[in-house]
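# Examination of the molecular architecture
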Amino acid sequence: MLERVRNELAAAIAVALREMGAESPQVALEVPPRRELGDLAWAGALPLAKGLRRAPRAIAEEVARRLEGTLAALPDEHPLALLEPGCRVEGPGFVNFRLRRGPALAGLLTEGLRKTDELRRGPQAPSPEPQKVIIEHTNINPNKAAHIGHLRNSVLGDTLVRCLRFLGRGVEVQNYVDDTGVQVADIVVGLLYLPEDALLAAASPVWPEVEAGKGVRTRVLQAFASRAADRTLASPELAVADFDDLCWDLYPRVTRRYEEDPEFAAHRSEVLHAVEGGFPPELTLEEAVEPLRAGAADPGTEPHRQASARLAAAVAEANLYCHLATMGRLGIAYDVLPHESDILHRGFWRRTFELLQAAGAIRFEEEGKNAGCWVMSLAESAEFAGMADADKILVRSNGTVTYTGKDIAYQLWKLGLLRDPDGTLHDFGYRPFDRFGQAGPASPVRYGAGERTLFRTTADPGERPPGASFGAGSRVFNVIDVRQSYPQKVVKEAIRVLGHPEAAESSIHFAYEMVALTPAAVRRLEETQGLDFRLSPEDMGKPFIEMSGRRGIGVKADALLVTLIREAERAIAERQGEGATLAAEQLAGRARAIAVGALRYQMARQGRNRVLAFDFDEALAFEGDTGPYLQYSAVRANKIFEKLAAQGLAGSAEQDARAVAGVAVPDDLWELALACSRTPEMVEKSVASLEFSLLAGHARDLAQSFHKLYHEHPVLHAEDEPTRALRRATFRVFAVAITTILEELLGIPVPQEM
RNA sequence: GCGCCCGUAGCUCAGCCUGGAUAGAGCGUCAGACUCCGGAUCUGAAGGUCGCGCGUUCGAAUCGCGCCGGGCGCACCA
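### Describing empty space enclosed by the protein
In total, this model carries one cavity of 30 Å³ or more according to the counting rule given. Of the pockets and cavities examined, the largest cavity occupies roughly 40 Å³. Forming the walls of the largest cavity are Thr138, Ile140, Pro142, Asn175, Tyr176, Val177, Leu320 and His323.

Quick look at the structure:
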């Protein structure tokens, strides 16, 4: 509603300015900082003063005069009829406008009604979008549990997805799986070669069936295979330790062993080669595990190699399931899981290599430090000017492709630019990975059953199940932390030199700063988990400490969620008072909502360019500028309507709209209603700048304003019916706005009670 | 060395892209709140050379340049 008034008013001012001699005037309308100034303002007279050679105040006054004539002649149903007649010129040359509050508030009510109707009808069937936006986020190495850094990535990515969908854009969400990298190989090395005592220490806390004694490795491998068959490597239960937790512990043990014993590192390249070789598709995990047991096959033989590769795939898939479950708890879902192994086996790189060669973008180094490598020269690009070494290796001297090389291929596919010589798209094959469902916009995503299908890629382009059509986006957002800016620039540059400068600009690195730990948080981890990260006093004196998967320094996403839920349960119990006992299921549901709210809000409210120094006390805060504060405002508003309904005083949005249309709306209620109407503007701004702190701040402002009014404007005990209708109308507008922002945009569930 | 990011109240952070009207929150501190829709709330107080300097402008936290302090990149890791 506000948007339409704005657009029409801007157009009217532009007409006036053209009549006054301004050439193609750009008119921007803003909302004045204080309501007594007005509801909309035009400040453009000041910059125009020079061009028109007139005093800004005089320009503003003439614009105002011309507008008055235009506005007076409008029919009642025109959007600008919502403006009060007459505008005021104030200050050095601001033109301020006021809305007719009653009719505007009525308009907001009916608008909210329409929105609710749409929601009730459910999500529209996803139609093939010509202007599809692709967002890649999460992208966690499938070799250990997700940590809070990954949460920042996924929450930012998911919030962008939600905002774009809100704005009506077609969106495809991809979660890239690096299933062939060294990191997965390291876990396989751990399973196959780590001394049994170390393996036992990592495995037995998670898999109780693995006990001390002879044949630990055999039992670990058997447990892995049988749990994979039962699909119990990733449990829907949050408090249960899963395979990713086992890997979290195993991975640092492997990397430490590499440092202690250089010969041990040979296993790494052996496994890596095995993984690159792949395995026959019919090879099951049980069959693969068989020869891996001590003595059944020697390392270096083909059965052993294939079995290692099969094991690596299973490790990656098991961790992937764990990650999906973790993110699912936060209401985060995906459409497709592109696998790195498929990029290789489908020949994405081979084709990309041909294209790069044909464009003369790469060259083979005969000598020098990069001898034997294929490199891309960046020396000619302004972006990389001043670099000591402006060459980026895409193919190593041993013939394998670097991550950046694969990423170029992947990015070309995302943009619909990877084509075979005959011009057809070079595409993956697809296969359903799992079914999933989500009860509401901010509800947990559950796998195993449900209405939607999550697809994964395959290497066989002949596999095309119905509904599986991915890639070829008109814009691509890659959500990756800022430390990867350099390789991201290389990818962009490759697209440019391949002859696609516009596509390169449509390929956007959504960069955000890393999540680190405060020294206090590190100390707390050491205390609660009985660990010693052996950090120096200088480290502990820094403002923050970087997480490290290799050293096991980090806060696991699920562990944080568990802690948050426990704290939320405690807070709920405290507020319930003596005697009141809540059904366990209710308690769990509310606590989960609060935990998710606290977590997602913390990630969304901070600007993306700032290092997030994670602190437990801050993360566990439920009062003040927090998710639960916002949730509470929605719960409170809904509670009013429940109570009203119980007494037969609820009325309806239509009734309130009629009642309010001719009534004087006091300043404070109007302020809240107007702020609610600015939500689409805030979403636009957030998306344009990729700063969700704007949206989070907007939501907090709304909640703050509501909480204040809640104390001053009782609805149930209003002095008369017109007063009640006015308050009810305003709070109705608020309830719709805050619920939309929380559940649809920020993915924060609104519980019934807290 | 080159590049990017950060510096705003005691602490944690919005606001900067697109200059505008009195720079905002939260935490912490202090003082308060109705037998009345849930106190995860609200009211009030104290707390700011917006790192420093120069410039552009009618106007700078916001734009430009230069410093200072901190962080991160510049891999045959991903």
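### Section: the environment of Ala81
Looking at the element boundaries, Ala81 is found in the loop between α3 (56-72) and β3 (88-90). Judged by its relative accessible area of 18%, Ala81 falls in the buried class. For the pair formed by Ala81 and Tyr410, sequence separation is 329 residues and the distance between their alpha carbons is 52 Å. Setting aside residues up to four positions removed in sequence, Ala81 forms contacts with Pro75, Asp76 and Arg100.

### Some thoughts on the protein's contact with RNA strand B
Around RNA strand B, a shell composed of 64 residues is seen, among which Arg34, Asp178, Arg396, Arg575 and Tyr632 lie nearest. Backbone atoms, meaning sugar and phosphate, make up 65% of the atoms of RNA strand B lying within 4 Å of the protein. A distance of 3.3 Å separates a phosphate oxygen of RNA strand B from a polar side-chain atom of Gln606. A distance of 3.0 Å is found between a sugar or linking oxygen of RNA strand B and a side-chain nitrogen or oxygen belonging to Gln704. For the surface near RNA strand B, the secondary-structure elements that each account for two or more residues are α2 (45-52), β4 (94-97), α16 (485-497), α20 (557-576), α23 (627-646) and α27 (692-712). If one sorts the elements of the surface near RNA strand B by residue count, α27 sits on top with eight residues. When its residues are assigned to classes, the surface near RNA strand B shows 31 nonpolar, 16 polar and 17 charged.

### A word on the side chain of Asp391
If you trace the backbone, Asp391 turns up in strand β10 (residues 391-395). Reaching out from Asp391, the side chain makes a polar contact with the side chain of Arg363 at a distance of 2.8 Å. Residues in contact with Asp391, not counting those within four places in the same chain, are Arg363, Glu365, Asn370, Val375, Met376, Ser377, Leu378 and Tyr486.

### Side note on the environment of Gln586
One can find Gln586 in helix α21 (residues 584-605). With a relative accessible area of 43%, Gln586 lands in the partly exposed category. Counting along the chain gives 542 residues from Gln586 to Gly44, while the straight-line C-alpha distance between them is 55 Å.

### Describing the confidence of the model for chain A
Residue-level pLDDT values for chain A average 92, and 96% of them are 70 or greater. Low pLDDT, under 50, characterises residues 122-128; the predicted model gives this stretch zero contacts beyond four residues in sequence or across chains. Two summary scores accompany this predicted model of the complex, namely pTM at 0.95 and ipTM at 0.96.

### Comments concerning the packing of α23 against helix α28 (residues 721-745)
Following both chains from N to C, one finds α23 and α28 inclined at 140°, their axes separated by 9 Å at the closest point. The angle between α23 and α28 places the two elements in the oblique class. For the element pair α23 and α28, the recorded crossing hand is left-handed. Contact residues: α23 offers Leu630, Gln631, Ser633, Ala634, Ala637, Asn638, Ile640, Phe641 and Leu644, while α28 offers Arg724, Arg728, Phe731, Arg732, Phe734, Ala735, Ile738 and Leu742. Across the contact of α23 with α28, the residue classes break down as 11 nonpolar, three polar and three charged.

### Some thoughts on the packing of α21 against α27
Relative orientation of the contacting elements α21 and α27 amounts to 125°, with a least axis distance of 7 Å. In terms of orientation, α21 and α27 fall into the oblique class. Across the interface between the two elements, Tyr601, Ala604 and Arg605 from α21 touch Phe692, Ser693, Ala696 and Arg700 from α27. A per-class count over the contact of α21 with α27 returns four nonpolar, one polar and two charged.

### Observations regarding the side chain of Asp558
Here Asp558 is to be found in helix α20. A distance of 3.0 Å separates a polar atom in the side chain of Asp558 from a polar atom in the side chain of Thr326. Contacts of Asp558, omitting those with residues within four sequence positions, involve Leu238, Thr326 and Arg329.

### Things to note about unusual backbone geometry
Phi is positive for Asn139, which is not a glycine, with a value near 40°. Mapped onto the secondary structure, Asn139 falls in the loop between β5 (133-136) and α5 (148-166). Here Arg534, not a glycine, exhibits a phi torsion of approximately 55°, which is positive. Tracing the backbone through its elements, the reader meets Arg534 in the loop between α18 (519-529) and α19 (537-541).

### As for the pattern of salt bridges
The final tally for this structure, using the stated rule, is 50 salt bridges. A salt bridge links Asp158 to Arg600; the shortest N-O distance between them is 2.8 Å. One end of the pair, Asp158, is in helix α5; the other, Arg600, is in helix α21, with 442 residues separating them in the sequence. Using a relative accessible area of 5% as the deciding quantity, one classes Asp158 as buried. By relative accessible area, which is 1% here, Arg600 ends up buried. Here Asp261 and Arg257 are joined by a salt bridge, their closest N and O atoms 3.6 Å apart. Judged by relative accessible area, which is 27%, Arg257 ranks as partly exposed.

What counts as what
Residues numbered from 1 in each chain as written. Chains lettered and ligands numbered in written order. Predicted model: local features only at pLDDT ≥ 70, side-chain atom pairs only at ≥ 80, totals over all residues. Heavy atoms only, no water. 1 Å grid on protein atoms, 1.4 Å probe; cavity = no way out; pocket = protein on both sides within 12 Å on 5 of 7 lines; lining within 4 Å. Points joined across faces, edges and corners; volume = space filled by probe spheres on them. Helix = DSSP H or I, 4+ residues; strand = E, 2+ residues; numbered from the N terminus. Buried < 20%, exposed > 50% of the residue type's maximum accessible area, 1.4 Å probe, protein only. Contact = heavy atoms within 4.5 Å. Near = heavy atom within 4 Å. Polar contact = N/O pair within 3.5 Å; in protein donor to acceptor, adjacent residues only side chain to side chain. Nonpolar A, V, L, I, M, F, W, Y, C, P; charged D, E, K, R; others polar. pLDDT = per-residue confidence, 0-100. Axes fitted to C-alpha atoms, helices over the stretch in contact; angles between N-to-C directions. Parallel < 35°, antiparallel > 145°, perpendicular 65-115°, else oblique. Left-handed = near helix turned anticlockwise from the far one by under 90°. Salt bridge = Lys/Arg side-chain N within 4 Å of Asp/Glu carboxyl O.

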